[in-house]
Amino acid sequence: MAVLHANEEAFAKILESGEPMLVDFFATWCGPCKMLAPVMEELAANYEGKLHVLKVDTDENQSLAVNYGIMNIPTVLFFQGGNEVDRIVGLLPKESFVQMIDSHL
């Protein structure tokens, strides 16, 4: 499963499903965000069928960024049962994201 570039409608649909999802809030002009993109692709492949991996462009979906208090990018949120249960702000090694995911699955 590839990373889904989500707008507000797609985000809401998956959130309502209650299924686990990892959401990368990013911007196209952000250097660290570009460095994180291949990590998100790897995570999407490694956890296929276990969680949804989404990318939300904060410039195109400002209300989502405001709703979730995104002050810095990249910010990665983990949702379970429709609620945010974890958050990582900034560019960290892949292992940090794996630990976050594994602690909730």
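Procedures and definitions
Residues numbered from 1 in each chain as written. Predicted model: local features only at pLDDT ≥ 70, side-chain atom pairs only at ≥ 80, totals over all residues. Heavy atoms only, no water. Helix = DSSP H or I, 4+ residues; strand = E, 2+ residues; numbered from the N terminus. Rg over C-alpha atoms; globule rule 2.2 N^0.38 Å. Buried < 20%, exposed > 50% of the residue type's maximum accessible area, 1.4 Å probe, protein only. Contact = heavy atoms within 4.5 Å. Lys, Arg positive; Asp, Glu negative; His and termini not counted. Charge placed at Lys NZ, Arg CZ, Asp CG, Glu CD. Arc of directions from axis to C-beta. Core = buried A, V, L, I, M, F, W, Y, C linked by side-chain atoms within 4.5 Å. Disulfide = S-S within 2.5 Å.

Enquirer: For the overall build of the chain, give the residues involved together with the corresponding values.
Expert: If you tally the helices and strands in the chain, you get four helices and five strands. Its helices and strands in sequence order give the chain the pattern β-α-β-α-β-α-β-β-α, from N to C terminus. What you see for the chain is a C-alpha radius of gyration of 12 Å, in line with the 13 Å of a compact globule of 105 residues. Counting over 105 residues, the chain shows a buried share of 44%. When contacts within the chain are restricted to residue pairs at least 6 apart in sequence, long-range pairs at least 24 apart make up 69% of them. Side chains of the chain give 6 positive and 15 negative charges; the mean places of these two sets differ by 4 Å.

Enquirer: With reference to specific residues and values, describe the side chain of Asn 61.
Expert: Of note, Asn 61 is situated in the loop between strand S3 (52-57) and helix H3 (62-67). Sequence-distant contacts of Asn 61, that is, excluding residues within four places in its chain, are made with Ala 6, Asn 7, Glu 8 and Val 56.

Enquirer: Which residues make up helix H1 (residues 8-17), and what are the values?
Expert: Among the residues of H1, those classed as buried are Phe 11, Ile 14 and Leu 15. Within H1, the buried residues cover an arc of 105° as seen down the axis, which keeps them to one side. Exposed residues on H1 whose side chains face more than 90 degrees from its buried face are Glu 9, Lys 13 and Glu 16. Buried residues along H1 sit against strand S1 (4-5), strand S2 (21-26), S3, H3 and strand S4 (75-80).

Enquirer: So what's going on with unusual backbone geometry? Residues and values would help.
Expert: Trans peptide bonds make up most of the peptide bonds, and negative phi angles are found at most residues other than glycine. Note the cis peptide between Ile 73 and Pro 74, where omega equals 0°. Structurally, Pro 74 is set in the loop between H3 and S4.

Enquirer: Break down the nonpolar core for me, citing the residues and quoting the values.
Expert: The biggest cluster of nonpolar side chains holds 17 residues, and the ones touching the most others in it are Leu 22, Met 40, Leu 43 and Phe 97. Ranked by residues supplied to this core, first place goes to helix H2 (residues 31-46) with five residues. Phe 11, Val 23, Tyr 68 and Leu 77 belong to the second-largest nonpolar core, a separate cluster that totals 15 residues.

Enquirer: Can you break down the state of the cysteines residue by residue, with the values?
Expert: Across all of its chains, the model carries one disulfide by this definition. The residue that forms a disulfide with Cys 30 is Cys 33, at a sulfur-sulfur distance of 2.4 Å. Taking the sign of the S-S torsion, about 75° here, the bridge from Cys 30 to Cys 33 comes out right-handed. The class of Cys 33 is buried, set by a relative accessible area of 2%.

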